[in-house]
Amino acid sequence: MRENQVSIKIERFGENIPDEFKELNMQVMSVYADGNDLYETLCKAFQLALNEVGKYEQNNFGCRESYDSLELTQRKVKGLKLCRKMKNDFNDSNSEE
């Protein structure tokens, strides 16, 4: 069994739904991904959701993204050290009682 399961459900209403769904007055898209790595599973589910939306939306949608991965990694490492320090401080204060 996989360690992570991600489901994304998109419900659309109103005038902008595709013609084939107008009779129901709603469109529902559901995607599912599973995997052992959480980030890979999240990315795969998101990719599937974008692909599903792309089937019905002919607009060219896109986004720009930029970040310094080294900076992001450094922030995560600092955060982990801080969490460990807080945990150790908490454990030390409880062992004194």
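Here the structure is shown first, and the text comes after it.
Let us look at the structure shown here. (Residues numbered from 1 in each chain as written. Predicted model: local features only at pLDDT ≥ 70, side-chain atom pairs only at ≥ 80, totals over all residues. Heavy atoms only, no water.)

## Focus on the overall build of the protein chain
Phase 1 of the analysis: A count of helices and strands for the protein chain gives two helices and two strands.
Phase 2 of the analysis: Reading the secondary structure of the protein chain in the N-to-C direction produces β-β-α-α.
Phase 3 of the analysis: By residue count, 15% of the 97 residues in the protein chain fall in the buried class.
Phase 4 of the analysis: A separation of at least 24 residues holds for 48% of the contacts in the protein chain among residues at least 6 apart in sequence. (Helix = DSSP H or I, 4+ residues; strand = E, 2+ residues; numbered from the N terminus. Buried < 20%, exposed > 50% of the residue type's maximum accessible area, 1.4 Å probe, protein only. Contact = heavy atoms within 4.5 Å.)

## Let's talk about the environment of Ile-8
Phase 1 of the analysis: Note on placement: Ile-8 falls in strand β1 (residues 4–13).
Phase 2 of the analysis: You can call Ile-8 partly exposed: its relative accessible area is 24%.
Phase 3 of the analysis: Along the primary structure Ile-8 and Tyr-32 are separated by 24 residues, whereas in three dimensions their C-alpha atoms are 6.5 Å apart.
Phase 4 of the analysis: Excluding its chain neighbours within four sequence positions, the residues that come into contact with Ile-8 are Met-29, Ser-30, Val-31, Ala-45, Phe-46 and Ala-49.

## Focus on the pattern of salt bridges
Phase 1 of the analysis: This structure, assessed with the given rule, holds two salt bridges.
Phase 2 of the analysis: Between Lys-9 and Glu-11 there is a salt bridge; the shortest N-O distance is 3.2 Å.
Phase 3 of the analysis: Judged by relative accessible area, which is 55%, Lys-9 ranks as exposed.
Phase 4 of the analysis: Note on Glu-11: relative accessible area 40%, which makes it partly exposed.
Phase 5 of the analysis: For Lys-55, the salt bridge goes to Glu-52, with nearest N and O atoms at 3.1 Å. (Salt bridge = Lys/Arg side-chain N within 4 Å of Asp/Glu carboxyl O.)

## Points about a nonpolar patch on the surface
Phase 1 of the analysis: On the surface, Leu-38, Tyr-39 and Leu-42 cluster together into a nonpolar patch covering about 310 Å² of accessible area.
Phase 2 of the analysis: Residue Tyr-39 is classed as exposed on the basis of its relative accessible area, which comes to 56%. (Patch = residues over 30% accessible without salt bridge, like charges linked within 9 Å, V, L, I, M, F, W, Y side chains within 5 Å. Areas by Shrake-Rupley, 256 points an atom, 1.4 Å probe, with all protein chains shown as cover.)

## Describing helix α1 (residues 38–56)
Phase 1 of the analysis: Its 19 residues place the ends of α1 28 Å apart at the C-alpha level, agreeing with the 27 Å of an ideal helix rising 1.5 Å per residue.
Phase 2 of the analysis: Residues Thr-41, Ala-45, Ala-49 and Glu-52 constitute the buried set of α1. What you see down the axis of α1 is that its buried residues fit within an arc of 70 degrees, all on one side. Facing away from the buried surface of α1 by more than 90 degrees, the exposed residues are Tyr-39, Glu-40, Cys-43 and Phe-46.
Phase 3 of the analysis: Structurally, α1 contributes buried residues whose contacts are with β1 and β2 (26–35).
Phase 4 of the analysis: Two to three positions downstream of the cap, the backbone nitrogen of Tyr-39 sits 3.1 Å from a side-chain oxygen, assigning the N-cap of α1 to Asp-37. (Expected span 1.5 Å × (residues − 1). Arc of directions from axis to C-beta. Polar contact = N/O pair within 3.5 Å; in protein donor to acceptor, adjacent residues only side chain to side chain.)

## Quick look at the environment of Tyr-56
Phase 1 of the analysis: Inspection of the secondary structure puts Tyr-56 in helix α1.
Phase 2 of the analysis: Accessibility expressed as a relative area gives 26% for Tyr-56, which makes it partly exposed.
Phase 3 of the analysis: Sequence-wise, Tyr-56 and Ile-17 are 39 residues apart; in three dimensions their C-alpha atoms are separated by 8.5 Å.
Phase 4 of the analysis: Residues contacting Tyr-56, with those up to four places away along its chain left out, are Pro-18, Glu-20, Phe-21, Gln-27 and Met-29.

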